[in-house]
Amino acid sequence: MGSVGSPPHETAATKLRKLISSPGPIILAPGVYDGFSARIALSVGFDTIYMTGAGTSASRIGHADLGMANLNDMRAHAEMIANLDARVPLIADADTGYGGPIMVTRTVQQYARSGVAGFHIEDQIQTKRCGHLQGKQIVSTSEFLTRIRAAVAARHAVGSDIVIIARTDALQSLGYDESIARLRLAKEAGADVGFLEGITSKEQARAVVKDLAPWPILLNMVEHGATPSISVSEAQEMGFRIVIFPFAGLAPAYKAMKEVYQRLKTKGITGAEAQMTPVQLFEVSGLKEDLEIDAKAGGTTFAGGV
């Protein structure tokens, strides 16, 4: 699953850092929201994946992305996903860092020790909301920079290469110029990548890359959100270094599951009998690797197959 061939001592964070600094193609990270969606993305062969905060909130606690998922929720989810295949870097949402400098430090420590390769941290207030909703409230520039400085110091303290992505949500309320000013200051404070949330036009997308060059910039491609549809090839041509698609798994999963549930409710059948057997489900979920581990250790429970 995923890309192979990395030296055994190279962490996913180090790998992501090298990918960002290399002149290679744009880093494409599909959104995953649980272990199963992550397994599917890995089986397709993506070199990087992204843990969506909205998807984590929906799948882990069953609520909208309104700041209810806390550090424990997000860290546990990220650790599980990151370790399904530790060779493939995971970029994870870290919201606001979940508090002041002490909590931001704890967040970075826990994410780094959990195997997360990179994370973005933003300038919304603690009771935040999805970046593509209206009514976002923003902290002062000084408070935002305190979060960034705390994250950078924590990264150095734990000796990690974890990538710090500075995200600003200021565009909606404070405008483009203020957003760019915040990102420039975040770069000076030590952030590795910039992230302007809620880009509203392709012209604006091109501008942020140009205005912050040569700093690597991430594009958040949320379909049907504030940002117009931008393909991977377009994002690369614009000069973005990373592009994430948070809803890549969520939207089709919702549509497919709802159709089957409605069919079961109204007709008494799922219509899914020929689509996936239990063994096929478990094969996607790492069955072969698990059986190999058991056999190599001398286990006999599964010697006769499953």
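Residues numbered from 1 in each chain as written. Predicted model: local features only at pLDDT ≥ 70, side-chain atom pairs only at ≥ 80, totals over all residues. Heavy atoms only, no water.

**Focus on the overall build of the protein**
Point 1. Helix and strand counts for the protein come out as 13 helices and 8 strands.
Point 2. Considering only C-alpha atoms, the protein reaches an extent of 65 × 50 × 35 Å along its principal axes.
Point 3. Put simply, the protein shows about 14500 Å² of open surface, and 57% of that area lies on carbon and sulfur atoms.
Point 4. Taking the 30 positively charged and 31 negatively charged side chains of the protein as two groups, their mean positions are separated by 1 Å. (Helix = DSSP H or I, 4+ residues; strand = E, 2+ residues; numbered from the N terminus. Areas by Shrake-Rupley, 256 points an atom, 1.4 Å probe, with all protein chains shown as cover. Lys, Arg positive; Asp, Glu negative; His and termini not counted. Charge placed at Lys NZ, Arg CZ, Asp CG, Glu CD.)

**What to know about unusual backbone geometry**
Point 1. Between alanine 213 and proline 214 the backbone carries a cis peptide bond, its omega angle lying at 5°.
Point 2. Mapped onto the secondary structure, proline 214 falls in the loop between helix H9 (202-212) and strand E7 (217-220).
Point 3. Positive phi values are uncommon outside glycine, yet aspartate 95 reaches one of about 50°.
Point 4. Counting through the fold element by element, aspartate 95 comes out in the loop between strand E3 (90-93) and helix H5 (101-113).
Point 5. At histidine 224, a position not held by glycine, the phi torsion is positive, near 65°.
Point 6. Tracing the sequence through the fold places histidine 224 in the loop between E7 and helix H10 (232-238).
Point 7. Relative accessible area serves as the criterion here: at 85%, histidine 224 is assigned to the exposed category. (Buried < 20%, exposed > 50% of the residue type's maximum accessible area, 1.4 Å probe, protein only.)

**Here's the deal with the confidence of the model for the protein**
Point 1. Across the protein, the average pLDDT comes to 93, with 96% of residues at or above 70.
Point 2. Every residue in residues 1-7 scores below 50 in pLDDT, and together they form 19 contacts with partners more than four places removed in sequence or on other chains. (pLDDT = per-residue confidence, 0-100. Contact = heavy atoms within 4.5 Å.)

**A short note on the nonpolar core**
Point 1. Core analysis: the largest hydrophobic core is formed by 60 residues, its most contacted members being Tyr111, Phe119, Ile148, Val208 and Phe240.
Point 2. The dominant element in this core, judged by the number of residues it contributes, is helix H6 (residues 141-158), at 7 residues.
Point 3. If sequence neighbours within four positions are ignored, tyrosine 111 has contacts with Leu71, Met74, Arg75, Ala92, Asp93, Ala94, Tyr98, Val116, Phe119 and Ile162.
Point 4. The next biggest cluster of nonpolar side chains, apart from the first, holds 15 residues, and it includes Leu16, Ala117, Val193 and Leu218. (Core = buried A, V, L, I, M, F, W, Y, C linked by side-chain atoms within 4.5 Å.)

**Some thoughts on the sheet that holds strand E8 (residues 242-245)**
Point 1. Overall, parallel pairing links the 8 strands, which are arranged E1-E2-E3-E4-E5-E6-E7-E8 in a closed barrel. Direction aside, neighbouring strands of the sheet carry axes that sit 25° apart on average.
Point 2. In this structure, strand E2 (residues 49-51) lies alongside E3, joined through 3 bridges in parallel fashion. If you follow tyrosine 50 over to E3, its bridge partner there is isoleucine 91. (Pairing = 2+ DSSP bridges. Axes fitted to C-alpha atoms, helices over the stretch in contact; angles between N-to-C directions.)

**Notes on a nonpolar patch on the surface**
Point 1. Together, Phe36, Ile40, Val44 and Met276 give the surface a local cluster of nonpolar side chains, amounting to about 330 Å² of exposed area.
Point 2. When its relative accessible area of 32% is taken as the criterion, phenylalanine 36 is described as partly exposed. (Patch = residues over 30% accessible without salt bridge, like charges linked within 9 Å, V, L, I, M, F, W, Y side chains within 5 Å. Salt bridge = Lys/Arg side-chain N within 4 Å of Asp/Glu carboxyl O.)

**Some remarks on the pairing of E3**
Point 1. Residues of E3 alternate between two faces, with Leu90 and Ala92 on one and Ile91 and Asp93 on the opposite face, all of them buried.
Point 2. With 3 bridges connecting them, E3 and strand E4 (residues 118-121) associate as parallel partners. If you follow alanine 92 over to E4, its bridge partner there is phenylalanine 119.

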